[in-house]
Amino acid sequence: MSREQVLIKVEVVHRAVIVTLDQRTADRRVFDLVYDQVFALWDNLIDCEMVKWVKSRWDHFIVMPQQSIEPIELETEIKRRLRLGS
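Presented here is an overview of the structure given in this document.

Observations concerning the overall build of the protein
Step number 1: Scanning the protein for helices and strands turns up two helices and four strands.
Step number 2: For the protein, the α and β elements follow one another from N to C terminus as β-β-α-β-β-α.
Step number 3: The C-alpha radius of gyration computed for the protein amounts to 13 Å, which stays within 12% of the reference 12 Å derived for 86 residues, consistent with globular compactness.
Step number 4: Its C-alpha atoms put the protein at 45 × 20 × 20 Å along the principal axes.

Structure, rendered in structure tokens:
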């Protein structure tokens, strides 16, 4: 039995935060569920006025924080909400 997982990397690049999804599973459904969960997070962060805009591809998101939010603060909040270690 294989262990299905999608690795998520969150990093600050200039003023933006890049969230990369690295598929390490043969099951595309698992990847799609993780993608949908991360995508839903952006709506919540926009509602909380932390995120200005998001651009996405199948393997990563570029997230721009509001002017009042430092990128490192947004990075920390994303990791907290996705339950990722530092």
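A closer look at the sheet that holds strand β3 (residues 51-56)
The strands making up a sheet associate through backbone hydrogen bonding, with each pair oriented either parallel or antiparallel.
Step number 1: Taken together, the four strands give an open sheet; going across it, the order is β1-β2-β4-β3, and neighbouring strands pair in antiparallel fashion. Each edge of the open sheet carries a strand with a single partner, namely β1 (6-13) and β3. In this sheet, neighbouring strand axes are inclined to one another by 20° on average, regardless of whether the strands run parallel or antiparallel.
Step number 2: Sheet topology places β3 next to strand β4 (residues 60-65); five bridges connect them, and they run antiparallel. Each bridged residue has a counterpart across the sheet, and for K55 the counterpart in β4 is I62.

Considering the pattern of salt bridges
Step number 1: Summed over the entire model, instances satisfying the criterion amount to seven salt bridges.
Step number 2: Between R80 and E77 there is a salt bridge, and its shortest N-O distance comes to 2.6 Å. Linking R80 with E77, this pair stays in helix α2 (residues 71-81), spanning three residues, or about one helical turn.
Step number 3: Classification of E77 by relative accessible area gives buried; the value is 15%.

A closer look at the packing of aromatic side chains
Any two aromatic rings considered together are summarised by their centre-to-centre distance and by the angle between their planes.
Step number 1: Tallying each qualifying case throughout the model produces five aromatic pairs.
Step number 2: An angle of 55° between the planes, with centres 6.0 Å apart, marks the rings of F31 and W58 as tilted. Taken together, the residues F31 in helix α1 (residues 28-47) and W58 in the loop between β3 and β4 connect sequence positions 27 residues apart.
Step number 3: On the accessibility criterion, F31 (1% relative accessible area) is buried.
Step number 4: Three or more aromatic residues joined by ring pairs make a cluster, and in this case those are Y35, F39, W42 and F61.
Step number 5: Across from the ring centre of W53, 5.1 Å away, lies the NZ or CZ of K55, which sits over that ring.

Looking at the side chain of D59
Step number 1: Here D59 shows up in the loop between β3 and β4.
Step number 2: According to the relative accessible area criterion, D59 is buried, its value standing at 15%.
Step number 3: Of the polar contacts made by the side chain of D59, one reaches the side chain of H60; its length is 3.2 Å.
Step number 4: When residues no more than four places from it in sequence are discounted, the contact partners of D59 are V19, T20 and L21.

Rules of the game
Sequence order as written defines the numbering, with residues in each chain counted from 1. For a predicted model such as this one, the threshold for reporting local features is a pLDDT of at least 70, and the threshold for listing and counting side-chain atom pairs is 80 or more; totals across whole chains, interfaces and linings nevertheless cover every residue. As a rule here, side-chain values cover all heavy atoms of the structure and leave hydrogens and water aside. Secondary structure counts use DSSP, requiring at least four H or I residues in a row for a helix and at least two E residues in a row for a strand, with both numbered from the N terminus. The globule rule used here is 2.2 Å times the number of residues to the 0.38 power, and the radius of gyration it is set against is calculated over C-alpha atoms. When DSSP finds two or more bridges between a pair of strands, those strands are recorded as paired. As a rule, the C-alpha atoms of each element are fitted with a line to give its axis, helices using only the stretch in contact, and angles between N-to-C directions run from 0 to 180 degrees. Salt bridges are defined by distance alone: a side-chain nitrogen of Lys or Arg within 4 Å of a carboxyl oxygen of Asp or Glu. Each residue is placed in one exposure class: buried if its accessible area under a 1.4 Å probe, protein chains only, is under 20% of its type's maximum, exposed if it is over 50%, and partly exposed if it falls in between. Only Phe, Tyr and Trp rings are paired, with Trp represented by its six-membered ring, and only when their centres lie within 6.5 Å; those with planes under 30 degrees apart are stacked, over 60 edge-to-face, the remainder tilted. By definition, being over a ring means that NZ of Lys or CZ of Arg is both within 6 Å of the ring centre and within 35 degrees of the ring normal. Any pair of N or O atoms that falls within 3.5 Å is considered a polar contact. Within protein, one atom must be able to donate a hydrogen and the other to accept it, and sequence-neighbouring residues count only if both atoms are side-chain atoms. Two residues form a contact once any of their heavy atoms are found within 4.5 Å.

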